[in-house]
Amino acid sequence: MYWEARTEFDRRASRLTAWGMALTAVAALLLVWLGCLLTVPTSVESGSREVECDAPISSVYSPGSRNVCADERQWPEFVGILGLAVPFGVTGAALWVSGSTRRRTTAHVLRLLEIQESEERSRAKG
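Residues numbered from 1 in each chain as written. Predicted model: local features only at pLDDT ≥ 70, side-chain atom pairs only at ≥ 80, totals over all residues. Heavy atoms only, no water.

**Student:** Describe the pairing of strand β2 (residues 49-53), and please don't skip the residues or the numbers.
**Tutor:** Here strand β1 (residues 42-46) runs beside β2; their pairing, made up of five bridges, is antiparallel. Along β2, the bridge assignment pairs T42 with C53. What sits between β1 and β2 in their antiparallel hairpin is a turn of two residues, with G47 showing a positive phi close to 70°. (Pairing = 2+ DSSP bridges. Helix = DSSP H or I, 4+ residues; strand = E, 2+ residues; numbered from the N terminus.)

**Student:** Residues and numbers for a nonpolar patch on the surface, please.
**Tutor:** A cluster of nonpolar side chains, contributed by L31, L82, V86 and V90, occupies part of the molecular surface with about 350 Å² of accessible area. Among the elements that take part in the nonpolar patch, helix α3 (residues 75-125) stands out by supplying three residues, more than any other. Structurally, V90 can be placed in helix α3. For V90, a relative accessible area of 55% puts it in the exposed group. (Patch = residues over 30% accessible without salt bridge, like charges linked within 9 Å, V, L, I, M, F, W, Y side chains within 5 Å. Areas by Shrake-Rupley, 256 points an atom, 1.4 Å probe, with all protein chains shown as cover. Salt bridge = Lys/Arg side-chain N within 4 Å of Asp/Glu carboxyl O. Buried < 20%, exposed > 50% of the residue type's maximum accessible area, 1.4 Å probe, protein only.)

**Student:** Please provide a residue-by-residue account of the layout of surface pockets, values included.
**Tutor:** Estimated volume of the largest pocket: approximately 200 Å³. Along its surface, the largest pocket is lined by 14 residues, and T42, P56, E72, R73 and Q74 are the ones closest to its centre. If you list the elements that add at least two residues to the lining of the largest pocket, you get β1 and α3. Of all the elements, β1 adds the most residues to the lining of the largest pocket, at three residues. Taken together, the residues of the lining of the largest pocket sort by class into six nonpolar, four polar and four charged. (1 Å grid on protein atoms, 1.4 Å probe; cavity = no way out; pocket = protein on both sides within 12 Å on 5 of 7 lines; lining within 4 Å. Points joined across faces, edges and corners; volume = space filled by probe spheres on them. Nonpolar A, V, L, I, M, F, W, Y, C, P; charged D, E, K, R; others polar.)

This is the structure:
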């Protein structure tokens, strides 16, 4: 009797959980990409020669310096990637928790209904 409702709730909960996992995976990929951009050394073309620069996270930055490497840092891009990863991570975590909580709550409620029906049947027999 309740199995149709339970399968429908489980299907919806599984869909929420899957979306949560997917969005969390997107956030993780964005954070890995950001980590690579911050830790990998780069090379910058300066005039006719190519200059090797340290990783942005490891080199010292001074706002007044006229270093070619310091001028080529893309801090707005780094902050943008981080800003893009945060909503994906928060939404993914919320959907993941919502789906798993919904599945457990539904199983609990349906189990309580089955126990209640079982007790009513045993009272009717006795």
